[in-house]
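Below, each chain spelled out in residue letters.
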Amino acid sequence: MKPRVIAAIVILAGWFTGVGMMFRREYFRPHIERLAEAALRVTPGAVFYAVMLGDKQIGFASSTVDTAATMIEQRDYLVADIEAAGQTHRATARTNVILTRTLRVRSFEAELDADQAPVKVTGSVSGDTLLSYVLNPVPGQRGDTQHLKIGGPILLPTLVPLAVALESRSKVGRSYVLPLFDPVTMAPRDVRIVVQAETVFVVNDSSVLDSATVVWRGVLPDTVRAWRVAPETVGGAAASWVDAQGRVVASRQMGFELRRMPYEVAFENWRREVDIAAKAARKAPTVAPGRDILEATAIASNKRLTSRVPRLRVKLSGASLAGYDLDGGRQRFHGDTLEVTREGMEALAPRYVPILNAAERSRVADLKQEPFLEVNHREIVELAERLSSRTRDPRIIAERINRWVYDSVRKEVTVGIPSALHVLRTRVGDCNEHTQLFVALARAAGIPARVAAGLVYLDGKFYYHAWPEVMLRGWVAADPTFGQFPADASHLRIVTGGLARQAELLRLVGNLRIQVLDPR
């Protein structure tokens, strides 16, 4: 995985789970009648946060609410310096949401920028029935607008804590079943959100400059009662402490934490530390120490996979591996040892025929369209139909798609979050682009497919890599980047899924150590 994608992913995950952007990227439709009346109590204001990694501040965030007679506007901003493989990546995220005074969304903008990999979404809501959005709109050009039917009013994730606080007085044990819409998976789902705990925070209301140290410090401490609000389901989802006004006091996920502070303490102190570190780096540049995992793809390092490894055993250490997709299918993970075995011929014999009906495909998670996987686009569908002509055998179709992507896409590092349609049109990309196009084509052909990400073992080193998995007898790894079907055992799957899931790889950068025990 490329450095610009790594930085974009980490800020994508952290941003949407901080400053009130709770529970991944989720929209929710509340009990709108009660909220409409309660929304009249929303008052303007701004809160500021230090973005922390352990005891070190790595960034700054803010959340601002403005009100007018007919509208409410909420603006959220986050900037953080992410350390990865000895380098610092500056990442920023912004949202701007316009609502009516009854908390109905009129329009929204969201923008992420990390290492020259900007992602921008603009959208609007028509009544309570249609959500329209454009991914990465280009100024002066007509964007590819997507239209999604919705079953009622929606809110954006930045407003979730506010809406929960407005609906009724928070009480430990109280829960809300909310119909949420995830724009990453393009799927609505009901989520029970639970008030888990109640406590009191001490928050400083103002700050003063210490003339001796030239550091801002908080003054005028005040007590703020807050409630811990989180989804009922487990799996590492974010939890936030929310006050009675619906503003986040603290939030934590993936080791990152947001702490409410006065503006000068949150921003000015951090900016001063950044300036000091930059001056020190210019005077005495350092070389990053070697690592077992390289923050580069094989293509970026001019590597090609020429071997056919049938089995690989490795010992993993140095990082917690709880919650990763290490066990299952071709992989067996016991204790600290991972064994990968390339699939045999029996695993390539499917027991189904492709699902060609578009309505049926939309109900299957690994067949449906997602952002950056334009499964239903005419160009994707036409190519999938051509590659699956005169056969209904999923294995044959998957092999054809793998070969076509391998032969047709030039192996080259590109800048930007990979989009299947863009790759089809430009015919260039790294492993991320090859994988996105394969998965989109397979799904359009009625074959369940998903993205896998992890490491590939080449010439004694491990490189970040992404590849698809396709459902045959079970999940089978393919590799259109290197032209392998099935992919050999040099592929170590760590996660499956889209950007939100791939963000979990960031916890391993610089920490995971791998000892090869038995390559064959």
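Residue positions within a chain follow its written sequence, with the count starting from 1. Predicted model: local features are reported for residues with pLDDT of at least 70 only, side-chain atom pairs are reported and counted for 80 or more only, and whole-chain, interface and lining totals are derived from all residues. Where side-chain values are given, they derive from all heavy atoms of the structure, hydrogens and water being excluded.

1. Quick word on the side chain of T64
Counted only if it meets this: The helix and strand labels rest on DSSP assignments: H or I over at least four residues marks a helix, E over at least two residues marks a strand, and numbering proceeds from the N terminus. Partly exposed describes any residue whose relative accessible area lies between the buried limit of under 20% and the exposed limit of over 50%, with all areas from a 1.4 Å probe on protein chains only and scaled to the type maximum. The contact definition used throughout considers only heavy atoms, calling two residues in contact when any of these lie within 4.5 Å.
When you line up the elements, T64 lands in strand β3 (residues 56–67). A residue is classified by how much of its surface remains accessible, and T64, at 17% relative accessible area, is buried. Those residues in contact with T64 that sit more than four places away from it in its chain are G45, A46, E73, Q74 and R75.

2. Overview of the sheet that holds strand β19 (residues 337–341)
Either a parallel or an antiparallel arrangement is found when strands of a sheet pair, and the pairing is made through backbone hydrogen bonds. Stated precisely, the cut-off is as follows: Paired strands, in this sense, are two strands between which DSSP finds at least two bridges. Interaxial angles span 0 to 180 degrees and are taken between N-to-C directions of axes, which are lines fitted to C-alpha atoms, for helices over the stretch in contact.
Spatially, four strands are ordered β18-β19-β17-β26 in an open sheet, and the strand pairing comes out antiparallel. With one partner strand each, in any of the chains shown, β18 (331–334) and β26 (513–516) form the two edges of the open sheet. Taking each pair of neighbouring strands and ignoring which way they run, the sheet shows an average axis angle of 25 degrees. Both β18 and β19 contribute to a ladder of four bridges, which runs antiparallel. Its bridge partner being in β19, Q331 is matched across the sheet by V340.

3. A closer look at the nonpolar core
As a reminder of what qualifies: Residues enter a nonpolar core if they are buried and are Ala, Val, Leu, Ile, Met, Phe, Trp, Tyr or Cys, with the set joined through side-chain atoms within 4.5 Å.
Judged by nonpolar contacts, the single largest core of 33 residues is most densely connected at I380, I401, W404, V405, L437, L441 and V470. Broken down by secondary-structure element, the contributors of at least two residues to this core are α6 (378–387), α7 (394–408), α8 (420–426), α9 (431–444) and β22 (449–458). When residues in this core are grouped by element, the largest group, seven residues, is from α9. With near-sequence residues (within four places) excluded, L437 lies in contact with I380, W404, V405, V409, A420, V423 and L424. In this structure, V340, Y457, L508 and I514 belong to the second largest nonpolar core, which totals 22 residues.

4. Observations regarding the confidence of the model for the protein
Counted only if it meets this: Per-residue confidence from the prediction method is given by pLDDT, with values spanning 0 to 100.
Of all residues in the protein, 71% attain a pLDDT of 70 or more, and the chain-wide mean is 78. Across the protein, α7 holds the top mean pLDDT of 97, while strand β1 (residues 27–28) sits lowest at 36. Note that pLDDT drops below 50 for residues 183–187; the model gives that stretch 19 contacts with residues more than four away or on any other chain.

5. What about α7?
We apply this condition: The span you would expect from a helix comes to 1.5 Å times its residue count less one. It is the directions from the helix axis to the C-beta atoms whose arc is reported. Polar contact is the term for a pair of N or O atoms within 3.5 Å; when the atoms are in protein, one must be able to donate a hydrogen and the other to accept it, and sequence-neighboring residues count only if both atoms are side-chain atoms.
Across its 15 residues, α7 extends 21 Å between first and last C-alpha, which sits within 8% of the 21 Å expected from 1.5 Å per residue. Restricting attention to buried positions, one finds in α7 the residues P394, I397, A398, I401, N402, W404, V405 and S408. Buried residues of α7, viewed axially, fall in a sector of 165 degrees; they line one side. Against the buried residues of α7 lie α6, β20 (410–411), α8, α9 and β23 (461–471). You can read the cap of α7 off the contacts: a side-chain oxygen lies 2.9 Å from the backbone nitrogen of R395, and it is on D393.

6. A look at the pattern of salt bridges
What counts here: Here, a salt bridge means any Lys or Arg side-chain nitrogen found within 4 Å of an Asp or Glu carboxyl oxygen.
Counted by the stated rule, this structure contains 19 salt bridges. Linking R271 and E268 is a salt bridge whose minimum nitrogen-to-oxygen distance equals 2.6 Å. With R271 and E268 both in helix α4 (residues 263–283) and three residues apart, the pair spans about one turn of that helix. Assessed through its relative accessible area of 40%, R271 is described here as partly exposed. Its salt-bridge partner being R410, residue E412 comes within 3.1 Å of it at the nearest N-O pair. Ionic contacts of the salt-bridge type, sharing partners, join the residues D66, E73 and R75 into one network.

7. Examining the packing of α6 against α9
Where we set the bar: Each angle receives one of four descriptions, namely roughly parallel if under 35 degrees, roughly antiparallel if over 145, roughly perpendicular if within 65 to 115, and oblique otherwise. Each residue is assigned to one class: nonpolar for Ala, Val, Leu, Ile, Met, Phe, Trp, Tyr, Cys and Pro, charged for Asp, Glu, Lys and Arg, and polar for all the others, Gly among them.
Their axes nearest at 8 Å, the elements α6 and α9 cross at an angle of 70 degrees. The orientation of α6 with respect to α9, classified from their angle, is roughly perpendicular. Contacts between α6 and α9 involve I380, V381, L383, A384 and L387 on the former and, on the latter, L437, A440, L441 and A444. Grouping the amino acids of the contact of α6 with α9 by side-chain chemistry returns nine nonpolar, no polar and no charged.

8. Concerning the environment of S62
Position of S62 among the secondary structure elements: in strand β3. The spatial distance from the C-alpha of S62 to the C-alpha of Y77 is 5.3 Å, given a sequence separation of 15 residues.

9. Some remarks on the packing of aromatic side chains
Put simply, the rule is: Centres within 6.5 Å are what make two rings of Phe, Tyr or Trp a pair, Trp counting through its six-membered ring; a difference in plane orientation under 30 degrees is then read as stacked, over 60 as edge-to-face, and the rest as tilted. Think of it as a cone above the ring: NZ of Lys or CZ of Arg counts as a charge over the ring if it is within 6 Å of the ring centre and within 35 degrees of the ring normal.
Enumeration according to the criterion identifies eight aromatic pairs in this entry. Ring centres 5.5 Å apart and planes at 70 degrees place the aromatic pair F201 and W241 in the edge-to-face group. Linking F201 in strand β11 (residues 187–210) with W241 in strand β13 (residues 239–243), this pair joins segments that are 40 residues apart in sequence. Using a relative accessible area of 22% as the deciding quantity, one classes F201 as partly exposed. Taking relative accessible area as the criterion, W241 reaches 19% and is therefore assigned buried. The interplanar angle of 55 degrees and the centroid separation of 6.4 Å between the aromatic rings of F267 and W270 together place this pair among those described as tilted. Of the two residues, F267 and W270 both sit in helix α4, three residues apart, roughly one turn of that helix. An aromatic cluster is built from F48, F60, Y263, F267 and W270, whose rings are joined through pairwise contacts. Looking at R450, its charged tip hangs above the ring of W475, at a distance of 4.1 Å from the centre.

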